[in-house]
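# Summary of the model geometry
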Amino acid sequence: MHLIEIILDGFKSYATRTVISGFDPEFNAITGLNGSGKSNVLDSICFVLGISNLTQARRPPFTARGREGHARAQVRERLEAERVSGA
């Protein structure tokens, strides 16, 4: 299974709808300047997957919260499963 795209809308530092796509099935890295929202991308992936304990992946511990002043936050992820022949 691999990530196809992430759609962030009102989640943490992503106040407006942001689509992140173009993920490689085998390896990806999140890079950018300080304060550009790199860790919030990881938080969004974990939020959708229901992972709330990120002590090994990131410090401080994860808290799921929307952007301050916004009534709602939305994160959607599209995953694609690998097809296994003969299964």
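Residues numbered from 1 in each chain as written. Predicted model: local features only at pLDDT ≥ 70, side-chain atom pairs only at ≥ 80, totals over all residues. Heavy atoms only, no water.

### Regarding the confidence of the model for the chain
- Summary statistics for the chain give a mean pLDDT of 77 and a share of 71% for residues scoring 70 or more.
- The element-level mean pLDDT for the chain is lowest in strand E3 (residues 74-80), coming to 73, with strand E2 (residues 18-21) highest at 92. (pLDDT = per-residue confidence, 0-100. Helix = DSSP H or I, 4+ residues; strand = E, 2+ residues; numbered from the N terminus.)

### Section: the sheet that holds E2
- Ordered in space as E2-E1-E3, the three strands form an open sheet in which the pairing is antiparallel. For this open sheet the edge positions go to E2 and E3, each flanked by a neighbour on one side alone. Strand after strand, the sheet turns through a mean of 10° between neighbouring axes, direction not considered.
- Across seven bridges, the pairing between strand E1 (residues 2-9) and E3 is antiparallel. The residue bridging Ile 6 from the neighbouring strand is Glu 77, located in E3.
- Its contacts with the sheet place helix H1 (residues 38-49) against E1, E2 and E3, and it is angled at close to 75° to E3. (Pairing = 2+ DSSP bridges. Axes fitted to C-alpha atoms, helices over the stretch in contact; angles between N-to-C directions. Contact = heavy atoms within 4.5 Å.)

### Considerations on unusual backbone geometry
- Non-glycine residue Lys 12 carries a positive phi angle of around 50°.
- Summarising the element assignment, Lys 12 is placed in the loop between E1 and E2.

### Considering H1
- Taking 1.5 Å per residue as the helical rise, H1 with its twelve residues ought to reach 16 Å, and the 18 Å between its terminal C-alpha atoms agrees with that figure.
- Tucked inside the fold, the buried residues of H1 contact E1, E2 and E3.
- In the stretch just after H1, Gly 50 is the one whose phi turns positive, near 80°. (Expected span 1.5 Å × (residues − 1).)

### So, the environment of Tyr 14
- Its location among the elements puts Tyr 14 in the loop between E1 and E2.
- The spacing of Tyr 14 and Val 75 is 61 residues in sequence and 10.0 Å in space, taken between C-alpha atoms.
- With residues up to four places along the chain from it excluded, the contact list for Tyr 14 reads Leu 8, Asp 9, Ser 36, Gly 37, Asn 40 and Val 41.

### Remarks on the environment of Gly 10
- Its location among the elements puts Gly 10 in the loop between E1 and E2.
- Distance from Gly 10 to Val 75, taken between C-alpha atoms, is 8.2 Å for residues 65 residues apart in sequence.

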